[in-house]
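Structural overview for review
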Amino acid sequence: MSKPHVAVLPSPGLGHVTPLLELAKRLVTQFDLHVTVLVVTSTIPSPALSQLLHSPALPADLDVVELPPVDAAALVTDEMQLLTQLAVMVEHSLNASLKSVLLEIGTPKALIIDIFCTQAFDICKPLSIPVYSFFTASVALMTFSLYLPTMDREIDGEFVDLPEPVAVPGCTPIRTADLLDQVKDRTNDEYRWYLHHVGRLPEAAGIFLNSWEGIEPVSIKSLTEHPFYRGIPIPEIFPVGPLIKQVECTAETDAELINWLDEQPSKSVLFVALGSGGTFTSAQLTELAWGLELSEQRFVLVARFPWDRSASAAYFNAGSGGGEEDGPARYLPEGFVERTKGRGVVVASWAPQIAVLGHVATGGFLSHCGWNSTLESVSSGVPMIAWPLYAEQRMNATILEEEVGVAVKMAAAAGDGAAAVVGREEIERVVRLVMEGEKGKEMREKARLLKESAAKAVSGGGGSSESMAKVAEGWKK
Ligand code: UDP
């Protein structure tokens, strides 16, 4: 008898594809399902994404089917911000081909989408395919997002101008400065797209969360118990996190880096990386390099080409390099690479993050606080220096510092726009605090406990594993 078949549909971008692919792998290997991952492809190549989707390590019974590519250049303009570009590409792709692809692969029992693929509700209804949502960010952002349509109806003016933090029902209030970028200007298309997609969350047959009670107890409890969410009402929720990708080192440079880490003392290295698309300005990168040098700590620095000198959007073509070809020494302070040789390693563009975070030599992570990076760090028991850049990262940084206690935030940059920088002395101070201070020890202990709690959640009998089993067994009936 053939195995029950479900399909998974992430929107473009590594931060979305990674956790949905991980879910797909577990449905195949732990629950004996057949899973097809449907990929929205564009004409913009992403080597990191391609490596992930075509990895020889993917299990049999996990198929990857690419939807016919959309011509990104014809659909999106430079004036459109990132979410608008993404939403336009996804809408076009799904309307053009999702129905026929679902029929071709044999009408799966269920489709799991991420937040920006909600057209799938309309496309799947006539096919009688139940659609589940997978929320790739924190539960704190999920509760805020479920409250957003109410805020939109009841509040005039901009949310960032509210005199008080936003009182999300049952949750810790969110400071207006921490609100996600997409809701900071209600006249912008970014806002309209975000509101549109999150407004459809209640239509899902169920909602998967890439989180667990160990890291977000209050938000998860609120979702299930608070009258506001029950009154919407929202469908059943399934906390299945942390779902993070597995170690994969394939490039030659990865082996060199791991060999170097093997020679460093335990917990002595600070890993510095800003997700799939994060970049600094030239001025900020210079200060960061000086801060690292002055701190006298060991480090691995992923140094991308500065955004004020680059033309490409790193988010969609992660891992491809965008000006790093001649080596980072060209855009780092003169002599930095030589002066820090032996104590630090500079990587252009991309590092094997999971392997670095999981290495015993790694003792801290300077991160932009994307949700995947956050989950990867705490799952490895590594404390963080939070340097949020965009999207909902400021919210994540605040939660990690104030509620979870595993991060310390970098001071805000002084100055305006591209000229705003965090100075080298502040960077040196925070790096020392986390790598050699008492504060660092405290955070490392909290991170160690979270690592244990994360491992327990996803292992047999753990909460996340049971949640996944509940849905998967339902599909098998
Ligand atoms: N990543 C990586 N190497 C790098 C930078 C990032 O492997 O040098 C991976 C990281 O492990 C994570 C993802 O890229 O899985 C970034 O996702 P996240 O949600 O943290 O941030 P986003 O890219 O969505 O801003």
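For clarity, every value in this text was computed on a predicted model and none was experimentally measured. (Residues numbered from 1 in each chain as written. Predicted model: local features only at pLDDT ≥ 70, side-chain atom pairs only at ≥ 80, totals over all residues.)

Of note, the amide linkage connecting Ile232 to Pro233 takes the cis form, showing an omega dihedral of -15 degrees. Following the sequence through the fold, Pro233 ends up in the loop between α9 (227-231) and β7 (237-239). Residue Pro242 follows Gly241 across a cis peptide bond; omega there is 0 degrees. Of note, Pro242 is situated in the loop between β7 and α10 (252-262). Although it is not a glycine, Asp61 adopts a positive phi angle of roughly 75 degrees. (Helix = DSSP H or I, 4+ residues; strand = E, 2+ residues; numbered from the N terminus.)

Sheet architecture is open: seven strands sit in the order β3-β2-β1-β4-β5-β6-β7, paired in parallel fashion. Because the sheet does not close on itself, it has two edges, and the strands there are β3 (62-66) and β7. Across the sheet, the mean angle separating the axes of adjacent strands is 25 degrees when strand polarity is ignored. Strands in contact with helix α1 (residues 14-29) are β1 (5-9), β2 (34-39), β3, β4 (110-114), β5 (131-135) and β6 (207-209); relative to β2, the strand with the most contacts, it is inclined by about 165 degrees. (Pairing = 2+ DSSP bridges. Axes fitted to C-alpha atoms, helices over the stretch in contact; angles between N-to-C directions. Contact = placed C-beta atoms within 7 Å.)

Turning our attention to the sheet that holds strand β13 (residues 407-409). Spatially, the six strands line up as an open sheet ordered β10-β9-β8-β11-β12-β13, and their pairing is parallel. The open sheet has two edge strands with one neighbour each: β10 (344-348) and β13. Each strand axis lies, on average, 15 degrees off the axis of its neighbour in the sheet, ignoring direction. When strand β11 (residues 362-367) meets strand β12 (residues 384-386), the two strands line up parallel, connected through three bridges. The residue of β12 that forms the bridge with Leu366 is Ile385.

We now examine the domain arrangement of the protein chain. Taken domain by domain, the protein chain comprises domain 1 (5-244 + 458-476) and domain 2 (252-454). Relative placement of domain 1 and domain 2: their C-alpha centres are 27 Å apart. Counting residues at the interface gives 34 residues for domain 1 and 30 residues for domain 2. Listing elements by their share of the side of domain 1 that touches domain 2, those giving two or more residues are α1, α2 (47-53) and α6 (139-154). Of all the elements, α1 adds the most residues to the side of domain 1 that touches domain 2, at four residues. Residue composition of the side of domain 1 that touches domain 2, grouped by class: 20 nonpolar, 11 polar and three charged. (Domains from an automatic or database assignment. Nonpolar A, V, L, I, M, F, W, Y, C, P; charged D, E, K, R; others polar.)

Moving on, we come to the confidence of the model for the protein chain. For the protein chain, per-residue confidence averages 93 on the pLDDT scale, and residues scoring 70 or more make up 95% of the total. As scored by the predictor, the complex reaches a pTM of 0.95 and an ipTM of 0.99. (pLDDT = per-residue confidence, 0-100.)

With that settled, the discussion passes to the pairing of β4. Along β4, five of the five residues are buried, which leaves the element largely enclosed by surrounding structure. Here β4 shows two buried faces, one formed by Ala110, Ile112 and Asp114 and the other by Leu111 and Ile113. Pairing between β4 and β5: four bridges, direction parallel. Residue Asp114 lies in a different strand from β5, and its bridge partner there is Phe134. Handedness of the crossover joining β4 and β5 through helix α5 (residues 119-124): right-handed. (Buried ≥ 20, exposed ≤ 12 C-beta atoms within 10 Å, placed from the backbone. Right-handed = clockwise from strand over helix to strand, strands pointing away.)

Now for the pairing of strand β9 (residues 298-303). Of all the six residues making up β9, six are buried; the element is thus mostly covered by neighbouring parts of the structure. Both faces of β9 are covered, namely the face carrying Arg298, Val300 and Val302 and the face carrying Phe299, Leu301 and Ala303. When strand β8 (residues 269-273) meets β9, the two strands line up parallel, connected through four bridges. For Val272, the partnering residue across the bridge sits in β9 and is Leu301. Handedness of the β8-helix α11 (residues 282-295)-β9 crossover: right-handed. Pairing analysis gives five bridges linking β9 to β10, with the strands arranged parallel. When the sheet's bridge partners are listed, Leu301 is paired in β10 with Val346.

Moving on to the environment of Ala419. Turning to its location among the elements, Ala419 is positioned in the loop between β13 and α16 (424-436). As a C-alpha pair, Ala419 and Asn396 span 23 residues in sequence and 25 Å in three-dimensional space.

To continue, consider the site of the ligand. Neighbouring residues of the ligand: 18 residues in total, closest Gly15, Gly275, Ser276, Gly370 and Ser373. Looking at the shell around the ligand, the elements with two or more residues in it are α1, α13 (353-358) and α14 (371-379). Among the elements that take part in the shell around the ligand, α14 stands out by supplying four residues, more than any other. Of the residues that constitute the shell around the ligand, the class distribution is seven nonpolar, nine polar and two charged. (Near = placed C-beta within 6 Å.)

What follows concerns α1. Between its first and last C-alpha atoms α1 spans 22 Å; for 16 residues at 1.5 Å apiece the expected length is 22 Å, and the two agree. Taking burial as the measure, the 16 residues of α1 include 15 buried ones, the bulk of the element. (Expected span 1.5 Å × (residues − 1).)

Turning next to the environment of Phe159. Locating Phe159 in the fold gives a position in the loop between α6 and α7 (189-199). C-beta crowding within 10 Å serves as the criterion here: with 18 such atoms nearby, Phe159 is assigned to the partly exposed category. Measuring from C-alpha to C-alpha, the distance between Phe159 and Val183 comes to 7.4 Å, with 24 residues separating the pair along the chain.

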